[in-house]
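Structural description and commentary
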Amino acid sequence: NEEGLSTFSDTLFINGAGVFSIPLQTSFAAYQAAATGTSTASGAAYTVPCETEEWDTQSAYNTSTFGFTPAVAGKYLFCVGVRVEGLTGNVVEVAVDLYKDADGGGGGAAAQFKRIAFVGGIASGGQVYVIGSALVDSDTNDVWTMVATGATAVGNWRTVGGQANTFWSAVKVI
């Protein structure tokens with residue numbers, strides 16, 4: 001066409017220099033910029049507030065609700081990293097889950113989760129960094145959120161902000 005682009009389908013473009021792109025390749029990366037998250041009671045689930053986007057190719061990530069709604073159905077690779085501090089007590093467990101709201105209505109019977117990372121048995125009074133990845137199937141109306149749960153013998157826990165501390169991302173791979 002007149003812009004020097006050749007189109008093979010609605011999902012692959014090649015420019016005049018032979019460089020191709022896949023514009024429907026939905027992906028995002030976001031992180032928690034605030035220094036610390038909300039102090040959370042032991043055993044309570046907490047939607048991790050990653051309010052700052054690194055990128056968002058299809059405007060699929062909501063920085064207010066912290067939800068990711070894929071623009072294209074397919075298999076997505078999710079990667080997460082959550083740094084937690086304020087861990088007290090003898091037994092400490094931290095889990096990071098991906099919650100999927102299949103109807104986009106905010107939970108209820110349609111809500112599902114996939115455990116993506118877990119650390120247990122940490123020594124008292126410290127910090128822990130939980131990382132993980134998962135390949136999941138998603139439809140275009142699915143809303144995904146990253147939820148952390150910390151269980152300590154006593155006291156509260158909180159996430160630690162910063163680009164390298166608490167983040168998550170997803171990319172459509174198939």
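Here's a quick rundown of the structure. Since the model is a prediction, treat every value here as computed from it, not as a measurement.

**A closer look at the side chain of Thr-166**
Along the polypeptide, Thr-166 turns up in the loop between strand S15 (156–159) and strand S16 (167–172). Judged by its relative accessible area of 0%, Thr-166 is buried. Within the local environment of Thr-166, its side chain forms a polar contact with the backbone nitrogen of Arg-83, the two atoms lying 3.3 Å apart. Contacts of Thr-166, omitting those with residues within four sequence positions, involve Tyr-31, Gln-32, Val-48, Cys-50, Gly-81, Val-82, Arg-83, Thr-159 and Val-160.

**Observations regarding a nonpolar patch on the surface**
Among the surface-exposed residues, Leu-77, Leu-135, Val-173 and Ile-174 lie close enough to one another that they form a single nonpolar patch of about 350 Å² accessible area. For Leu-135, the location among the structural elements is in strand S13 (residues 128–138). Using a relative accessible area of 48% as the deciding quantity, one classes Leu-135 as partly exposed.

**As for the packing of aromatic side chains**
Here the structure, examined in full by the defined rule, presents 8 aromatic pairs. An aromatic cluster is present here, built from Phe-28, Tyr-61, Phe-68, Tyr-76, Phe-78, Trp-144 and Trp-168 joined pairwise through their rings.

**Things to note about the environment of Ala-35**
Within the secondary structure, Ala-35 sits in the loop between strand S4 (27–31) and strand S5 (40–41). Looking at Ala-35, the relative accessible area reads 61%, which means it is exposed. For the pair formed by Ala-35 and Gly-162, sequence separation is 127 residues and the distance between their alpha carbons is 6.6 Å. Non-local contacts of Ala-35, meaning those with residues more than four positions away in its chain, are made with Thr-159, Val-160 and Gly-161.

**Quick word on the pattern of salt bridges**
Applying the stated criterion across every chain yields a total of 2 salt bridges. Across the pair Lys-75 and Asp-137 runs a salt bridge whose closest N-O atoms are separated by 2.8 Å. Remark: Asp-137 occurs in strand S13 and Lys-75 occurs in strand S10 (residues 74–85); sequence separation between them is 62 residues. Since its relative accessible area comes to 30%, Lys-75 is described here as partly exposed. The class of Asp-137 is partly exposed, set by a relative accessible area of 47%. The partner of Asp-97 in a salt bridge is Arg-115, with the nearest N and O atoms 2.5 Å apart.

Quick notes on the rules
Residues numbered from 1 in each chain as written. Predicted model: local features only at pLDDT ≥ 70, side-chain atom pairs only at ≥ 80, totals over all residues. Heavy atoms only, no water. Helix = DSSP H or I, 4+ residues; strand = E, 2+ residues; numbered from the N terminus. Buried < 20%, exposed > 50% of the residue type's maximum accessible area, 1.4 Å probe, protein only. Polar contact = N/O pair within 3.5 Å; in protein donor to acceptor, adjacent residues only side chain to side chain. Contact = heavy atoms within 4.5 Å. Patch = residues over 30% accessible without salt bridge, like charges linked within 9 Å, V, L, I, M, F, W, Y side chains within 5 Å. Areas by Shrake-Rupley, 256 points an atom, 1.4 Å probe, with all protein chains shown as cover. Salt bridge = Lys/Arg side-chain N within 4 Å of Asp/Glu carboxyl O. Phe/Tyr/Trp six-rings, centres within 6.5 Å; stacked < 30°, edge-to-face > 60°.

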